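So you can see what is in the structure, the chains are spelled out below.
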Amino acid sequence: MSELLNRLFGLGPLSFGDPEVQFGFARPIPAWGWLLAAAAALGIAWWSYWRLQGSARWRVSLAGVRALTLLALLLVISGPQLVRPNERIEKDWVLILADRSASLTIADEERTAGEGGGRRTRDAALREAIERAWPSLARLGQERTVVWLGFDSGVYDLPVTEGGVSLGAPAGRRTSIGAAIDQALLRAAARPVSGVVVISDGRSLDDLSRAAQHRLQSERIPVFTFALGSADPVLDLALLRAEAPAMAFVNDSVPVGVEVERIGAGRAAARGRVELVDSLTGEVLDRQDLPEDPAAWADGRARLTLVSRPGTPGKMSWSVRIVPEIPDLIPENNATGVTLELVDRPLRVAYFDGYPRWEYRYLKNILLREQSITCVSMLLAANRQYIREGDIELDAIPRSSEDWAKFDVVIIGDVSASVFSREQLENLRDHISIRGGGLLWIGGPGATPGSWRDTPLADLLPFQISSRSTAPSDGRAGLRPLTEPAVMFPSPAATRLRLLELSDPESESGAQGGWPAFLSDPATGWNTLRYVQRIDASIVKPTAEVLAVAAPVSSVTDPLRAPPDSTPVLLSMRFGAGRVLYAATDEIWRWRFARGEALNERFWVPLLRLQGRDSLARSARPAVLEVSPRRPEAEQPARITVQLLDQSLVDLAPGSLTVRARRQGESGPPIELTLSPEGAPGPALPRGAARSYATVWTPSDPGRYRLDVADGLLVGLGLDVDVAAPDDELRRPEADHAFLARLSAFTGGQALSLSQVPSLADPGLLPKRELHIAGVPDVETLWDKPAVLALLLLLLCTEWIGRRIVRLS
């Protein structure tokens, strides 16, 4: 029938029988209108024939033909036509964001028993979840427009094939979920979005922007999150810091300070050890066990010191590594490297005292006997007379900065400040603060520290002294001597610096942290110190560090623990580039009664070497280039300083210095930094001259940079700097499921587990947001076809012939 009608009307693309084609009218008439029209047509036709003469049957037939003709005319007037609607359906979008940052390499996902148990990486869990859910996700892709995006600090397209999605390796060093959602929404601008899916561990540097929050809420776009990683942090040991001195002496006990961080696992024991390894040979130079007691991890961190005695001069490359004895979350953050330079020359010491007390005699002999030390010892009297001993020729007390620069460490015993001129003391102060020299005070009952109160070296005492500080009868003075003998206890700071390790592991027992317990036991007898200056805690300077305390023998109940009324007896303080030590007793010589010189040497020599390393890093150099902090972070300000040590350079008074910074492995011009003079000139500096030049540098990217001073005065002065990433994914490995849950709750979505990924294809989960867009329909008119005209003519002719037959016309 449809084919017959198509031929009858001569129809083309739009034809009867096409399911997309509808029959309609250009001027549609409602059904009741057609009923009225039919009634009117029948009435008019009947009225036209009911009075005429003739057979009733013929009149009724002719009236019916006339009614059909009128209805056909009305049908033509209404405009019959075939219509094919041009409606377009735009599918709604589903944005799926898969985390591709480096934190997905962390293996803290627990496998179920059916999966074989054990742990898998977050990335493996993500891949397995997508693989299992791919049939459902493929069906979702047929019903909607699914956009797969990977993200770390930003988003990028992920290739999709029939068999799945190509995720690539998780290598991003930072994660910004807020920025990723922002960029994903921009890609779907002006599109119907039914939902955003985020599959991540929740670690993010940012939150949703205001613009993203507004669009998600105004368009009611839900965010569905699937959490990766363990909700309960798994124990991870991370090597945060390893610092070694820039330079040291051959056969010196070089300390390497190590800071280890533990994350997660509550109060579980952190079993393992830290090793110092020669990077060239692989030899383990030192090792130390990690504390298993969680209480020993202050703020989640443990601080250890490894020590090695290298015997070869030159540049050394060491590595520090954690060797865990328990499962560790991220092995990649368990190692780092340190470099240092070893110099084969003796430590140079100058010792000044006021009279030949016992401590002076034995310490002088230790310095003379120690082959790694060259020294000069001088007894100074108020009448400017002195007695000199030692293997360094010294005709007079050093006066200029260059004279003091010949010594790495200066020892000042119980000598009056009046034997030194103010110029000598000012230059000694500069030697300590600028050149990094060491100053060791050995107090006594005569002049130290009382006579140094109003001198240029008063600031180099690790405590405040007043005019009454040394009055023996003044209980408020703070430095009156103890009224009874005392014994010494090392502090945790000494243990951390590996100082006061006086025990001989091969022959002595009862050693705690290298300190022989018998030295703190009053029952030993010969170990008691008969003279100790009392230093009240209230006068100790904030930057001073207590290395040892002394306790009266009557208050000691446990030789392994210092009593509460102990007083500092050995203090350390940084002053500028140098280090100051103060010994509040001159009774260390008594320890030789039972052990010879061994205990005395192990007490004094490491202290002198500690101070000498700071001086060594700056000696024989015209200037020093430094960066603070030593390991800056990208996009964080760091201070670059050039200290002029050569007086001839200071006298030239350059207006500025230029430092060039270049990231290793990059081509192109370096970054030029201008260093300006800082600080007011000192009394020994001419007007307009400065010793220190500084600027602020903000490295843009992590990596190793080379800093070189570009000025001709300081050719060859440079420094390698390692810049760390401030937001390194592996520095904070724990997952943040709470952030994902808040994100879903804020947008009206849901926080789901990985096993529920197939539910994305369920009809009721994602809202239906597809758009139906109507276009201009295709129309084929029927009223103007020849068949319609022929029908009308047929009806008219039929009526006319009928009338002729019955003789009505």
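Residues numbered from 1 in each chain as written. Predicted model: local features only at pLDDT ≥ 70, side-chain atom pairs only at ≥ 80, totals over all residues. Heavy atoms only, no water.

Visitor: Tell me about the overall build of the protein, residues and numbers included.
Guide: In terms of helices and strands, the protein carries 15 helices and 41 strands. Against the compact-globule benchmark of 28 Å for 809 residues, the protein has a radius of gyration of 47 Å, which places it well outside the compact range. Its C-alpha atoms give the protein principal-axis dimensions of roughly 170 × 65 × 55 Å. Taken over 809 residues, the protein has a buried fraction of 49%. Looking at the protein alone, contacts between residues at least 24 apart form 73% of all its contacts between residues at least 6 apart. Accessible surface computed for the protein: about 38000 Å², of which carbon and sulfur atoms make up 53%. Across the protein, the centroid of the 89 positively charged side chains sits 7 Å from that of the 98 negatively charged ones. (Helix = DSSP H or I, 4+ residues; strand = E, 2+ residues; numbered from the N terminus. Rg over C-alpha atoms; globule rule 2.2 N^0.38 Å. Buried < 20%, exposed > 50% of the residue type's maximum accessible area, 1.4 Å probe, protein only. Contact = heavy atoms within 4.5 Å. Areas by Shrake-Rupley, 256 points an atom, 1.4 Å probe, with all protein chains shown as cover. Lys, Arg positive; Asp, Glu negative; His and termini not counted. Charge placed at Lys NZ, Arg CZ, Asp CG, Glu CD.)

Visitor: Run through the packing of helix H7 (residues 358–369) against helix H12 (residues 598–616), naming residues and quoting values.
Guide: Their axes nearest at 11 Å, the elements H7 and H12 cross at an angle of 70 degrees. Looking at the two axes, H7 sits roughly perpendicular to H12. Two packed elements cross with a definite hand, and for H7 against H12 that hand is right-handed. Side by side, H7 and H12 meet where Glu359, Leu363, Ile366, Leu367 and Arg369 of the first sit next to Asn600, Glu601, Trp604, Val605 and Leu608 of the second. The class makeup of the residues in the contact of H7 with H12 is six nonpolar, one polar and three charged. (Axes fitted to C-alpha atoms, helices over the stretch in contact; angles between N-to-C directions. Parallel < 35°, antiparallel > 145°, perpendicular 65-115°, else oblique. Left-handed = near helix turned anticlockwise from the far one by under 90°. Nonpolar A, V, L, I, M, F, W, Y, C, P; charged D, E, K, R; others polar.)

Visitor: Give me the nonpolar core: which residues, what numbers.
Guide: Within the largest apolar cluster, 84 residues are counted, with the highest numbers of intra-cluster contacts made by Ile411, Trp452, Trp591 and Phe603. Excluding residues within four positions of it along the chain, Trp591 makes contact with Met488, Leu502, Trp515, Leu519, Trp526, Asn527, Leu529, Gly596, Leu599, Asn600 and Phe603. Formed by 28 residues, the second largest nonpolar core is a distinct cluster that contains Leu104, Ala125, Leu140 and Leu760. (Core = buried A, V, L, I, M, F, W, Y, C linked by side-chain atoms within 4.5 Å.)

Visitor: Lay out unusual backbone geometry in plain terms, naming residues and giving numbers.
Guide: That bond from Thr448 to Pro449 is cis: its omega, 15 degrees, falls within 30 degrees of zero. Within the element layout of this structure, Pro449 appears in the loop between strand S25 (438–442) and strand S26 (486–490). Here the amide bond leading from Ser628 into Pro629 is cis, since omega sits at 0 degrees, within 30 degrees of zero. Residue placement: Pro629 occurs in the loop between strand S32 (623–628) and strand S33 (638–644). Unlike most non-glycine residues, Ala190 shows phi in positive territory, near 60 degrees. Within the element layout of this structure, Ala190 appears in the loop between helix H5 (177–187) and strand S11 (193–200).

Visitor: Any details on the packing of H5 against helix H6 (residues 210–218)? Residues and values, ideally.
Guide: Put simply, H5 and H6 touch, their axes get as near as 9 Å, and they point 55 degrees apart. The orientation of H5 with respect to H6, classified from their angle, is oblique. Seen along the crossing, H5 lies across H6 with a hand that is left-handed. Contacts between H5 and H6 involve Asp182, Leu185 and Leu186 from the former and Ala212, Arg215 and Leu216 from the latter. When grouped by side-chain class, the residues that make up the contact of H5 with H6 number four nonpolar, no polar and two charged.

Visitor: Could you give me a rundown of the pairing of strand S36 (residues 692–697), with the residues and numbers involved?
Guide: Buried residues dominate S36, accounting for five of its six residues. As paired elements, S33 and S36 share six bridges and run antiparallel to each other. When the sheet's bridge partners are listed, Arg639 is paired in S36 with Val696. Sheet topology note: the strand S35 (residues 671–678)/S36 ladder contains three bridges and is antiparallel. What sits directly across from Glu678, in S36, is Ser692. (Pairing = 2+ DSSP bridges.)

Visitor: Give a detailed account of the sheet that holds strand S2 (residues 80–84), specifying residues and quantitative values.
Guide: Backbone hydrogen bonds hold the strands of a sheet together, and the pairing may be parallel or antiparallel. Ordered in space as S1-S2-S41, the three strands form an open sheet in which the pairing is antiparallel. Sheet topology places strand S1 (22–25) and strand S41 (778–781) at the edges, where each strand pairs with a single neighbour. For this sheet, the mean inter-axis angle between neighbouring strands, taken without regard to orientation, is 35 degrees. Where S2 lies against S41, four bridges are found, and the strand directions are antiparallel. Along S41, the bridge assignment pairs Val83 with Val779.

Visitor: If you had to explain the confidence of the model for the protein to someone new, which residues and values would you point to?
Guide: A residue-level look at the protein finds 91% of positions with pLDDT of 70 or above and a mean pLDDT of 85. Long-range and interchain partners of residues 508–512, a stretch whose pLDDT sits below 50, account for 13 contacts in this model, where long-range means more than four residues apart. Below a pLDDT of 50 lies the segment residues 680–688, which in the model reaches 10 contacts outside its immediate sequence neighbourhood of four places, other chains included. (pLDDT = per-residue confidence, 0-100.)

Visitor: Before we move on, could you go through the packing of aromatic side chains and cite the residues and values that matter?
Guide: Scanning the entire structure with this criterion turns up 18 aromatic pairs. Ring geometry for Trp358 and Tyr362: centres 6.1 Å apart, planes at 20 degrees, overall stacked. Linking Trp358 with Tyr362, this pair stays in helix H7, spanning four residues, or about one helical turn. Here Trp515 and Trp591 contribute two aromatic rings whose centre-to-centre distance is 6.0 Å and whose plane-to-plane angle is 75 degrees, an arrangement assigned as edge-to-face. Here the residue Trp515 occupies a position in strand S28 (residues 515–516), and Trp591 occupies one in the loop between strand S31 (578–583) and helix H11 (592–595), the gap between them amounting to 76 residues. (Phe/Tyr/Trp six-rings, centres within 6.5 Å; stacked < 30°, edge-to-face > 60°.)

Visitor: Lay out the environment of Val94 in plain terms, naming residues and giving numbers.
Guide: Structurally, Val94 is set in strand S4 (residues 93–99). Classification of Val94 as buried rests on a relative accessible area of 0%. With 102 residues separating them along the chain, Val94 and Val196 place their C-alpha atoms 6.0 Å apart. Ignoring any residue separated from it by four or fewer positions in sequence, one finds Val94 in contact with Arg144, Thr145, Val146, Val147, Ser194, Gly195, Val197 and Leu766.

Visitor: Would you mind going over a nonpolar patch on the surface in detail, with residue names and values included?
Guide: Residues Trp46, Trp47, Trp50 and Val60 make up a contiguous nonpolar surface patch of roughly 500 Å² in combined accessible area. Mapped onto the elements of the fold, Trp50 is located in the loop between helix H2 (31–49) and helix H3 (56–78). (Patch = residues over 30% accessible without salt bridge, like charges linked within 9 Å, V, L, I, M, F, W, Y side chains within 5 Å. Salt bridge = Lys/Arg side-chain N within 4 Å of Asp/Glu carboxyl O.)

Visitor: Please give an account of H2 that cites residues and values.
Guide: With 19 residues, H2 ought to run about 27 Å at 1.5 Å a step, and its terminal C-alpha atoms sit 27 Å apart, in line with that. Buried residues of H2: Gly33, Ala37, Ala41, Ala45 and Tyr49, and no others. Along the axis of H2, the buried positions cluster into a sector of 125 degrees, meaning they face one direction only. For H2, exposure combined with an orientation more than 90 degrees from the buried face picks out Trp32, Leu35, Leu36, Leu42 and Trp47. On its buried side, H2 packs onto H3 and helix H15 (786–805). (Expected span 1.5 Å × (residues − 1). Arc of directions from axis to C-beta.)

Visitor: An account of the pattern of salt bridges is needed here, citing residue identities and associated values.
Guide: Between side chains of opposite charge, a pair can form as their charged atoms come close. Within the structure shown, the criterion is met by 49 salt bridges. A salt bridge links Arg369 to Glu601; its shortest N-O distance comes to 3.1 Å. Taken together, the residues Arg369 in helix H7 and Glu601 in helix H12 connect sequence positions 232 residues apart. Because the salt bridges share partners, they merge into one network encompassing Arg241, Glu243, Glu259, Arg301 and Arg303.

Visitor: Outline the sheet that holds S33, supporting the account with residue identities and numerical values.
Guide: Strand order in this open sheet of seven strands is S32-S33-S36-S35-S34-S37-S38, and the pairing throughout is antiparallel. Each of the sheet's edge strands pairs with one partner strand only, and the pair in question is S32 and strand S38 (718–723). Pairwise comparison of adjacent strand axes, ignoring direction, gives a mean angle of 25 degrees for this sheet.

Visitor: Tell me about the side chain of Ser176, and name the residues and values.
Guide: Among the structural elements, Ser176 can be located in the loop between strand S10 (164–165) and H5. Excluding residues within four positions of it along the chain, Ser176 makes contact with Asp152, Ser153, Ser204, Leu205 and Asp206.

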